[in-house]
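# A closer look at the structure
Chain by chain, the residues run as shown.
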Amino acid sequence: MDFRSFSKKYAGEIGGEYREYDETRSVIIFPLEGGRFQTITGHIVLHPDYDREVVQIKTKVCGLDENIPYNDVLAESTNLPYSKFVVEDDFLKVEASTFLVNLKEKMVKEMIVEVANVADRWEFRITGKDIH
């Protein structure tokens, strides 16, 4: 799958915006209900242990300086088919990842929708705002 081409096409389908940074990173501004949005980043990285390309789809929830209910966040992770919560660059994020060769269009759409909705729900729960 050509992840960049897919991302550009999908952004158009959902009425979002697409931005390409380089050959391995792209962004979809994902529109949500109520005029909210999530900035979803797609990264293609080489997995160091498997020597295979991995697609990482992620977005920020909030900064680590917020009052984060970590027990609730970890409990939520058990119910998510694709996503997990991660801490990266002083942010709580939601991320879904898989090997690039495994991606099918339907699956990556489901991953993006899940990442956007979970992050938005928790962003609002923790901060009460639409930040990312």
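The structure contained in this document is the topic of the report that follows. Sequence order sets the numbering: in each chain, residues are counted from 1 along the sequence as written. Where totals are concerned, whole chains, interfaces and linings use all residues; where local detail is concerned, this predicted model gives features only for residues with pLDDT of at least 70, and gives and counts side-chain atom pairs only at 80 or more. Hydrogens are left out, water is left out, and the side-chain values use all remaining heavy atoms of the structure.

So, about empty space enclosed by the protein. Computed over the protein atoms alone on a 1 Å grid, cavities are sets of points where a 1.4 Å probe fits but cannot get out and pockets are open sets with protein on both sides within 12 Å along at least five of seven lines; a residue lines them when it has an atom within 4 Å of a point. Grid points are joined across faces, edges and corners, and a volume is the space filled by probe spheres set on the points. Taken as a whole and judged by the stated rule, the model has 1 cavity of 30 Å³ or more. Its boundaries defined by the atoms lining it, the largest cavity holds a volume of some 40 Å³. Around the largest cavity, the lining residues are Phe3, Ser7, Ser26, Val27, Ile28, Ile40, Thr41, Gly42, Ile57 and Ile112. Secondary structure follows DSSP: runs of H or I at least 4 residues long count as helices, runs of E at least 2 residues long count as strands, and numbering of each begins at the N terminus. Secondary-structure elements contributing two or more residues to the lining of the largest cavity are α1 (3-14), β2 (25-31) and β3 (37-47). Basically, the charged four are Asp, Glu, Lys and Arg, the nonpolar ten are Ala, Val, Leu, Ile, Met, Phe, Trp, Tyr, Cys and Pro, and anything else, Gly included, counts as polar. Classifying every residue of the lining of the largest cavity gives 6 nonpolar, 4 polar and no charged.

Attention now goes to the sheet that holds β3. Should DSSP find at least two bridges between two strands, the strands are taken to pair. Read across the sheet, 6 strands follow the order β1-β2-β3-β4-β6-β5 without closing on themselves; strand pairing throughout is antiparallel. Each edge of the open sheet carries a strand with a single partner, namely β1 (17-22) and β5 (83-88). Each strand axis lies, on average, 30° off the axis of its neighbour in the sheet, ignoring direction. Taken together, the 9 bridges between strand β4 (residues 52-63) and strand β6 (residues 91-99) define a ladder with antiparallel strand orientation. Note on β6: the bridge partner recorded for valine 55 is threonine 98. Working rule for contacts: check all heavy atoms of both residues, and any pair within 4.5 Å makes them a contact. Fitted lines through C-alpha atoms give the axes, limited to the stretch in contact for helices. The angle between two N-to-C directions lies from 0 to 180 degrees. Along the sheet face, helix α2 (residues 70-77) touches β5 and β6 and points at about 140° away from the line of β5.

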